[in-house]
Amino acid sequence: MIPATVATSAPKRRARMLAGAPIISLSIIAIFLAMVVLGQAMTLHAPNQINLALKLHPPALLGGSWEYPLGTDWLGRDLYSRIVVGARASFVVVVGVLLVGGLGGAALGVISGYVGGTTDALIMRCADATLAFPIILLAVLITVTMGPGTANLIIALCLVLWARFARIVRGQVLVIREQNFVVLARSSGVSGVTIMLRHVVPNVVNTLIVVMTLQIGWIIIVEASLSFLGAGIPPPTPAWGSMAARGRDFLTTGWWVPAVPCLSIALVCLSFNIVGDWLRDRLDPSLRGGPD
Amino acid sequence: MAGDEILRVEDLHVTFSGRGGDVHAVNGVNLTVRRGEILGIVGESGSGKSVTSAAIMGVLPPAPACRVHGKVLFEGVDLLSSSERAMQSIRGRQISMILQDPLSALNPVMKTGDQIAEVFRIHHGLSGRSLMDAVINALKRVRFPSPERGAASWPHQLSGGMRQRVVGAIALGCEPDLLIADEATTALDSTIQLQYLDLIKERQRIDGLSVVVITHDFGVVARICDRVAVMYAGKVVEEAPVETLFSGPRHPYTKALLNAVPKLNTDLSRLEAIEGVPPRLWSPPVGCSFAPRCAGSVVECTTRPPVPVAIGDHHSVACWRVAS
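A quick note: this is a predicted structure, and the numbers were derived from the prediction, not measured.

About the thresholds
- Residues numbered from 1 in each chain as written.
- Chains lettered and ligands numbered in written order.
- Predicted model: local features only at pLDDT ≥ 70, side-chain atom pairs only at ≥ 80, totals over all residues.
- Helix = DSSP H or I, 4+ residues; strand = E, 2+ residues; numbered from the N terminus.
- Buried ≥ 20, exposed ≤ 12 C-beta atoms within 10 Å, placed from the backbone.
- Axes fitted to C-alpha atoms, helices over the stretch in contact; angles between N-to-C directions.
- Parallel < 35°, antiparallel > 145°, perpendicular 65-115°, else oblique.
- Left-handed = near helix turned anticlockwise from the far one by under 90°.
- Contact = placed C-beta atoms within 7 Å.
- Nonpolar A, V, L, I, M, F, W, Y, C, P; charged D, E, K, R; others polar.
- Expected span 1.5 Å × (residues − 1).
- pLDDT = per-residue confidence, 0-100.
- Core = buried A, V, L, I, M, F, W, Y, C linked by C-beta atoms within 7 Å.
- Pairing = 2+ DSSP bridges.

Take the overall build of chain A next. Within chain A one finds ten helices and zero strands. Counting from the amino terminus, chain A carries its helices and strands in the arrangement α-α-α-α-α-α-α-α-α-α. The dimensions of chain A, computed from C-alpha atoms along their principal axes, are 75 × 50 × 30 Å. Taken across its 292 residues, chain A has 41% of its residues classed as buried.

Take a look at the structure:
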C-alpha cells in the first residue's frame, strides 16, 4: 500500500497521544498487571504460609519490618504476598466477564440496534429486566444455587453485566445506522450483514473500549463484594474481597488487615476509571489529526 | 432527448406513521426518466424529493414505520416488489445514489480506497491487484487529484469536495445506468459545485448515463438538466423541458418559485417570497395542496385535487386554472 498522507510523524503523534495521560493511574494498573502476570514470582512468602509468632505484625511504615512490607494477618500470613496472588483471581474474573458478558452484550446491542423491530424490543426488555434487578442479590442468588467457584462467579457477573453493554452499544448503533455512509453503503448494494460487520461494528469499537475500561472497576468491586459475602471465590485462594471480609474482625487490633485489601480494591478501581475517562477523550476520532 | 424509458415511477405514495398520525410524504408521484436524460426534481424542503429518491433506491425504513404504494419500474421491472437480494445486485451496479452531506457520507473508520473497493468486490468480484486498479481508475474518472494517495487516506483527511468525489467514485464505479444525485452539490462551494456538475454531465455524454438530479437550486437545473419536475407537498405539479419551464412556467407555484430566485438584470430591493407555509403533510388539504397559498385559487381548487394535463410539448401542469 501507499503510505497515508499524515500531517505529523509517527513519534510526534505518539507523544501527542500520551500528553496528559494519567501517569499515576497507569502506573498502578501496570503494577496490578505485573502482579497478575508474575504472581508467585513477586511474592516474598508463600501466601498461605502461617506464622503464628508474627501474627498481626504491622506494615513496614508503621514500625514493622520490610520482611513483611504490608504487615501480616491474624495467622501471621504476609499480606503483601496475599494481595499479589489475589490480584490474579480478580483479573481472571475481570477478563472472563468482559470477554463473555461484555462482548456478548455488545453483540446483542449491535443486533438489537441494527435489526430493530421485535428483535430489538425483545432484547431490550430482557436488558431492562436485568438492570431492574438488584445486582448483588441476583449474583448471590446465582452463585448460591450453582455453588461458589470462579467459573460460576463469572457466569453470574456476565448475566448481570451484558445488559449494560447491550444498552450502551445499541444507543450508538441507532446513531450510526442513520448516518449517510450506512445509507450509501446500502445504496451501493452492500448486504445488511456486511454493513453491520464492516460499517457499524468498527464504529462502536471506541465506545466499547471505553465502556470496558470503566466497567473493570465495577467488576472488581462486585467480585470483592461477593467474596466478602462468601458467595465469591472460595478459600483458601486469596481474593481481595474475602480478605477484607475476614479481616474486619481485627479492625481494633490490626486495622491494616482489612485496610490493605480495601485500599488495593479502591486504588485499582479508581485507576481503571481514570484511565477509562482519559481513553474516552483520546479515542474521539476528531482528535486523531485531520488535514490541518 | 428522445429514447426509451429507463425509469418510470407510477402513482408513488409514501406514508410514514408518526406519533401525531400518518405523514403523507409522497402523494401519487408520476415520473419518467428516458435513457441518457438528466431529469431535475426541484421543490422546497419537505416536498418529498428525497423520499421519492429513497423509494426508488428501496432504502426507506421498513414497514410498518413507512408504507410505500405504487410502482417503480426500472427497465420494466418493478423495484418495489423485488426481493432485497435482487435489489442488492441492482443497487450500486445499475442504480446508484449520491447524497447531500459529504462529511457523513464516508465511514470514518475505513480508508477511502477500501470503501470504493467494496462495490467492485460485491458487483465484479474483483480482488488483489485488479481491485486496486479499479479503485484508482474510479478515482481518476471523477478527476480525483493523486488517486493513489486518495485511496490510502482516511475520510477525515479529505476536504468536503474531495469526499464528494470519493462518493462519486463509489456511485459511478460500476458504471450504473441510472444515478440519483440527491442534493449532491448543495454542500459544496460554487466552483467545486460546477466541476462536480460537469463531471456528471460528462458521464451522461460519454456513457449515456441517466440521471435524476434532486435540488432546490435552479442554477443546477439550468446547468445540467434536460427536463424538470417541480414537486410540492409530495406531488409533481409541473413537468417540462428546462427551456420551456424557465421561459413559460404555468403552475402558480413554479412561477412563484422562479420569482423567488434573484436575477442579475433586474434591480429588486426585496426578493419575492411565497406567502404562507407549505401544507402539513399529516393532514393534506382536500383539493390542490397549493391552493391556500395561491393568489388565484378558484372554488374548484379547494374541493378536488387537480390532475396533470398536457399543455404542450412534454409540458404538463396540475392546476385547475391552467386546465380550464
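Check the secondary structure of chain B and you find twelve helices and twelve strands. Principal-axis analysis of the C-alpha atoms gives chain B an extent of 70 × 50 × 40 Å.

Time to look at the packing of helix α5 (residues 135-146) of chain A against helix α8 (residues 192-228) of chain A. Residue and element names in this part refer to chain A. Where α5 contacts α8, the axes come no closer than 11 Å and their chain directions differ by 55°. One finds that α5 runs oblique with respect to α8. Both α5 and α8 take part in a crossing whose hand is right-handed. Of the residues in α8, those touching α5 at I135, I136, A139, V140 and T143 are V222, S225 and L226. Taken together, the residues of the contact of α5 with α8 break down into six nonpolar, two polar and no charged.

What follows is about the environment of L38 of chain A. Residues and elements named next belong to chain A. Examined against the element boundaries, L38 turns out to sit in helix α2 (residues 23-38). For L38, a count of 13 C-beta atoms within 10 Å corresponds to the partly exposed category. With 182 residues separating them along the chain, L38 and I220 place their C-alpha atoms 19 Å apart.

Quick look at the interface of chain B and chain A now. On the chain A side, the residues contacting the 31 residues of chain B number 23 residues. Looking at the side of chain B that touches chain A, the elements with two or more residues in it are α2 (84-90), β6 (95-98), α3 (112-124), α5 (147-151) and α6 (160-173) of chain B. In terms of residue count, the dominant contributor to the side of chain B that touches chain A is α3 of chain B (four residues). Among the residues forming the side of chain B that touches chain A, the class breakdown is 14 nonpolar, eleven polar and six charged.

Residues and elements named next belong to chain A. Look at helix α10 (residues 256-282): 37 Å from first C-alpha to last across 27 residues, which is about the 39 Å you get at 1.5 Å a residue. Every buried residue of α10 is listed here: W256, V257, P258, V260, P261, S264, I265, V268, S271, F272, V275 and G276. Those residues of α10 that are buried lie in contact with α2, α3 (79-115), α8 and α9 (240-247).

This part is about the confidence of the model for chain A. Residue and element names in this part refer to chain A. Chain-level pLDDT for chain A is 83 on average; 90% of the residues reach the 70-or-more range. Across chain A, the secondary-structure element scoring lowest on mean pLDDT is helix α1 (residues 10-18), at 65, and the one scoring highest is helix α4 (residues 117-132), at 91. Contacts for the low-pLDDT stretch residues 1-6, under 50 throughout, to residues beyond four places or in other chains number eleven contacts.

Counting residues in each nonpolar core, the largest one holds 159 residues, and the members touching the most others are L157 of chain A together with I116 and V230 of chain B. Counting residues per element, this core draws most heavily on α3 of chain A, at 16 residues.

Glycine aside, residues mostly have negative phi angles, and peptide bonds mostly take the trans form. Residue and element names in this part refer to chain B. Located in the positive-phi region is S146, a residue other than glycine, with phi close to 45°. Take S146: it is sitting in the loop between α4 (128-141) and α5. Taking the C-beta count within 10 Å as the criterion, S146 has 12 such neighbours and is therefore assigned exposed. Of note in the backbone geometry, E175 takes a positive phi value of approximately 50° without being a glycine. Within the secondary structure, E175 sits in the loop between α6 and β7 (178-182).

A few words on α3 of chain B. Residues and elements named next belong to chain B. When the terminal C-alpha atoms of α3 are compared, their 18 Å separation across 13 residues agrees well with the 18 Å that a helix rising 1.5 Å per residue should span. With respect to burial, α3 is a largely interior element, ten of its 13 residues being buried. Turning to α3, the residues buried within the fold contact α4, α5 and α6. Of the residues one or two after α3, G125 is the one with positive phi, at around 60°.

Attention now goes to the confidence of the model for chain B. Taken residue by residue, chain B gives an average pLDDT of 87. The fraction at 70 or more is 98%. Reported confidences for the modelled complex are a pTM of 0.77 and an ipTM of 0.82.

As for its placement among the helices and strands, M110 of chain B is situated in the loop between β6 and α3. Taking the C-alpha atoms as reference points, M110 of chain B and G125 of chain B, separated by 15 residues in sequence, lie 20 Å from one another. The residues contacting M110 of chain B, other than those within four sequence positions of it, are P202 of chain A together with Q115 of chain B.

Another point: the sheet that holds strand β1 (residues 5-18) of chain B. All names here are of chain B. The four strands lie next to each other as β2-β1-β4-β5, forming an open sheet whose pairing is antiparallel. Edge positions in the sheet fall to β2 (21-34) and β5 (77-78), since each of these pairs with one other strand and no more. When β1 meets β2, the two strands line up antiparallel, connected through eleven bridges. The residue of β2 that forms the bridge with F16 is V23.

As a general point, the strands of a sheet are linked pairwise by backbone hydrogen bonds and lie either parallel or antiparallel. All names here are of chain B. Ordered by their spatial adjacency, eight strands build an open sheet running β6-β7-β8-β3-β9-β10-β12-β11, and the pairing between neighbours is mixed. The sheet is open, and its two borders are formed by β6 and β11 (309-312), each paired with just one other strand. The average angle at which neighbouring strand axes cross in this sheet is 20°, direction not considered. Both β11 and strand β12 (residues 315-317) contribute to a ladder of three bridges, which runs antiparallel. Residue pairing in the sheet places V309 in a bridge with V317 of β12. Along the sheet face, α6 touches β6 and β7 and points at about 170° away from the line of β6. Sheet strands in contact with helix α10 (residues 252-259) are β9 (227-232) and β10 (235-241), and its direction is about 100° off that of β9.

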